[in-house]
Amino acid sequence: MGSKQALIDKAESNLYKTYNRFPVVFDHGEGVYLYDTEGQEYLDFGAGIAVMGLGYNDPEFSGALKAQVDKLLHTSNLFYNEPAVEAGEKLLKASNMDRVFFTNSGTEAIEGALKIAKKYASDRGIHNHEIIAMNHSFHGRSLGALSVTGNDHYQEPFKPLIPGIKFADFNNLDSVKALVNSRTCAIIMETVQGEGGIYPATEEFLKGVKALCDENDVLLILDEIQCGMGRTGNMFAWQKYGVKPDVMTVAKALGNGVPIGAFLASGKAATAMGPGDHGTTYGGNPFVTAAASKVLDIFESRNLTEHAKEMGNYLEKKLLELTDQYDMVTSQRGIGLIQGLEFSIPVSSIVSQALLEEKLVLISAGTNVIRFVPPLVIGKKDVDEMIKRLKTVLDHQS
Ligand SMILES: Cc1ncc(COP(=O)(O)O)c(C=O)c1O
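Basis of the calculations
- Residues numbered from 1 in each chain as written.
- Predicted model: local features only at pLDDT ≥ 70, side-chain atom pairs only at ≥ 80, totals over all residues.
- Heavy atoms only, no water.
- Helix = DSSP H or I, 4+ residues; strand = E, 2+ residues; numbered from the N terminus.
- Buried < 20%, exposed > 50% of the residue type's maximum accessible area, 1.4 Å probe, protein only.
- Pairing = 2+ DSSP bridges.
- Axes fitted to C-alpha atoms, helices over the stretch in contact; angles between N-to-C directions.
- Contact = heavy atoms within 4.5 Å.
- Phe/Tyr/Trp six-rings, centres within 6.5 Å; stacked < 30°, edge-to-face > 60°.
- Lys NZ or Arg CZ within 6 Å of the ring centre and 35° of its normal.
- Disulfide = S-S within 2.5 Å.
- Near = heavy atom within 4 Å.
- Polar contact = N/O pair within 3.5 Å; in protein donor to acceptor, adjacent residues only side chain to side chain.
- Areas by Shrake-Rupley, 256 points an atom, 1.4 Å probe, with all protein chains shown as cover.
- Nonpolar A, V, L, I, M, F, W, Y, C, P; charged D, E, K, R; others polar.
- Expected span 1.5 Å × (residues − 1).
- Lys, Arg positive; Asp, Glu negative; His and termini not counted.
- Salt bridge = Lys/Arg side-chain N within 4 Å of Asp/Glu carboxyl O.

Undergrad: Would you take a moment to explain the environment of Asn-285 for this structure?
TA: With respect to the helices and strands, Asn-285 occurs in the loop between strand S12 (261-265) and helix H11 (286-301). Asn-285 gets classed as buried once you look at its relative accessible area, which sits at 11%. In sequence terms Asn-285 and Phe-45 are 240 residues apart; their C-alpha atoms lie 30 Å from each other.

Undergrad: How should the sheet that holds strand S4 (residues 99-103) be read in this particular structure?
TA: By way of backbone hydrogen bonds, the strands of a sheet pair with one another, either parallel or antiparallel. Ordered in space as S4-S12-S11-S10-S7-S5-S6, the 7 strands form an open sheet in which the pairing is mixed. Each of the sheet's edge strands pairs with one partner strand only, and the pair in question is S4 and strand S6 (165-168). The sheet shows a mean angle of 20 degrees between the axes of neighbouring strands, taken without regard to direction. Of the pairings in the sheet, the one linking S4 to S12 comprises 5 bridges and is antiparallel in character. Pairing of Phe-101 across the sheet is with Phe-263, part of S12. The sheet strands contacting helix H4 (residues 82-95) are S4, strand S11 (247-250) and S12, and the helix crosses S4 at an angle near 125 degrees. Here helix H5 (residues 106-123) sits on the sheet and contacts S4, strand S5 (130-134), strand S7 (184-190), strand S10 (219-223), S11 and S12; the angle it forms with S10, its principal contact strand, is near 180 degrees.

Undergrad: I tried to follow the packing of aromatic side chains on my own but got confused; where do I start?
TA: Two aromatic rings, taken as a pair, are described by how far apart their centres are and by the angle between their planes. Evaluation of the coordinates by the stated rule reveals 5 aromatic pairs. Here Phe-26 and Tyr-42 contribute two aromatic rings whose centre-to-centre distance is 5.0 Å and whose plane-to-plane angle is 90 degrees, an arrangement assigned as edge-to-face. You can see Phe-26 sitting in strand S1 (residues 26-30) and its partner Tyr-42 sitting in strand S3 (residues 41-44), a full 16 residues away along the chain. What makes Phe-26 partly exposed here is its relative accessible area of 35%. Residue classification places Tyr-42 among the buried positions, given a relative accessible area of 3%. Each ring, one from Phe-138 and one from Tyr-154, has its centre 5.9 Å from the other, and the planes form 75 degrees; the classification is edge-to-face. Here Phe-138 is found in the loop between S5 and helix H6 (143-147), whereas its partner Tyr-154 is found in helix H7 (residues 152-155), with 16 residues between them in sequence. Taking the relative accessible area as the measure of exposure, Tyr-154 reaches 23% and is therefore partly exposed. Across the ring face of Tyr-199, the terminal group of Arg-333 is positioned such that the distance to the ring centre comes to 3.9 Å. Geometry around Tyr-314 places Lys-380 over its ring, the cationic atom sitting 5.1 Å from the centre.

Undergrad: Honestly, the state of the cysteines in this entry has me stumped. Any pointers?
TA: As used here, a disulfide is simply a covalent bond connecting the sulfur atoms of two cysteines. On inspection of all chains with the given rule, the structure shows 0 disulfides. You can see Cys-185 has no disulfide; the closest cysteine sulfur is in Cys-213, sitting 10 Å from it. What makes Cys-185 buried here is its relative accessible area of 0%.

Undergrad: Quick question: what am I supposed to make of the sheet that holds strand S17 (residues 369-372) here?
TA: The strand order across the open sheet built from 4 strands is S13-S14-S17-S16, with neighbouring strands paired in antiparallel fashion. Both outer strands of the open sheet, strand S13 (329-335) and strand S16 (363-364), are each paired with one neighbouring strand and no more. Here strand S14 (residues 338-343) runs beside S17; their pairing, made up of 4 bridges, is antiparallel. Opposite Glu-342, over in S17, you have Val-369 as the bridge partner. Together, S13, S14 and S17 form the strand contacts of helix H12 (residues 304-325), whose direction differs from that of S13 by roughly 165 degrees.

Undergrad: Looking at this model, I keep getting lost on the site of the ligand. Mind explaining?
TA: Every residue close to the ligand is listed here: Ser-105, Gly-106, Thr-107, Phe-138, His-139, Gly-140, Glu-190, Glu-195, Asp-223, Ile-225, Gln-226 and Lys-252. Gly-106 is positioned with one of its backbone polar atoms (N or O) 2.9 Å from an oxygen atom of the ligand. At 3.4 Å, a backbone N or O of Phe-138 approaches a nitrogen atom of the ligand. Protein contacts shield 82% of the accessible area of the ligand, which totals 390 Å² for the unbound molecule. Of the residues belonging to the shell around the ligand, the class tally is 2 nonpolar, 6 polar and 4 charged.

Undergrad: For this particular structure, what's the right way to read helix H9 (residues 203-216)?
TA: Two residues of an α-helix separated by three or four positions point the same way, owing to the 3.6 residues in each turn. The end-to-end C-alpha distance of H9, which contains 14 residues, comes to 20 Å, matching closely the 20 Å that a straight helix rising 1.5 Å per residue would cover. Considered for burial, the residues of H9 that qualify are Phe-205, Leu-206, Gly-208, Val-209, Lys-210, Leu-212 and Cys-213. The elements touched by buried residues of H9 are S5, helix H8 (173-177), S7, S10 and helix H10 (237-241). Residue Asp-217 follows H9 closely and has a positive phi angle near 50 degrees.

Undergrad: Would you mind going over the side chain of Asp-223 with me for this structure?
TA: Among the secondary structure elements, Asp-223 is positioned in strand S10. Notably, Asp-223 is buried but unbridged: the nearest opposite-charge side chain belongs to Lys-252, and the N-O separation is 8.8 Å. A distance of 3.2 Å separates a polar atom in the side chain of Asp-223 from a polar atom in the side chain of Thr-249. Once you skip the residues sitting within four places of it in the chain, Asp-223 turns out to touch Ile-110, Phe-138, His-139, Met-189, Glu-190, Thr-191 and Thr-249.

Spatial relationships are all this shows, so hold off on functional conclusions.
Below, the structure written as structure tokens:
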């Protein structure tokens, strides 16, 4: 396709410009490393924004995809297909939820979750529903998901969004309590806020919100799109807290790069929607669910969640050391392999220097936080190598 610069120029003139991309063209990947078109190797602690849990080019995973490509890609939801039923069964077993609906993305999983809450309320004669969401949350870019995303900058140009959304402060139970009324149909939050800067829910907060939901017959929706799928050392982050949601959303690492999401419901939420209430053409097709099914098999056979816990402890320890070693590193937060380092300065130049000079892929979360969401298959040597490269960058900055 010609030189790297020619490709970048073509992208800049053809692709809709909603991103400011880094001047890197990735070509292939292996394990926790990515390779660009010029053959340079990058250590990846971003995993395509918490997607590539199994890392790149896993032979067992690729083999399952290839087999399904040769067999059947798509039929529509007018018919049954084996991979969807199998993936669904495995996901329900891992979560102890009752029903699952497969979507094409995280955002669409959020849309479905919000529709369950609205339908559940409508069926009880409640109209003009209200939903409580959290400040500094992120749930996606479609109009419904954006409506519950607590970020003025993302919302402002697209207003009016869906009505009846109120924002509380994450980890402040009183601020949630103050917003609950007879029209509230759901409280939605990430179990660990990702884009907002890697803030785990406190146990007191999550348990308090769950109790509030139960007392008021309000559905608790937990967004596990970024923090779920083993990243925290539990398959789903809420399992660590012992707080089961009425509805949960997953995506990202569920497909390990194949676009699939899901919303899952339990108890009263599991029967809120019926035939005709929701649908999708692609969602749950045999190709994407074969991917999810294999991902779930590999999690079990390789005990990946336990590995993520062990590596997460190691990563956390190493990041904490940086808070002592560098004045500009002000704090460390996170659970397992979803970690954040907060800086006293904007991190954009650190992230781009790490990428371009040290060949280390890192991503930011907000202005001042670097987010660490590596493939779950990392080893201690990868953590050590990442820290070494990051220190080189920080030494240049200070
Ligand atoms: C917590 C959370 N929810 C929802 C989404 C939206 O998912 P998607 O980009 O797959 O639509 C994201 C994406 O970053 C996310 O982190």
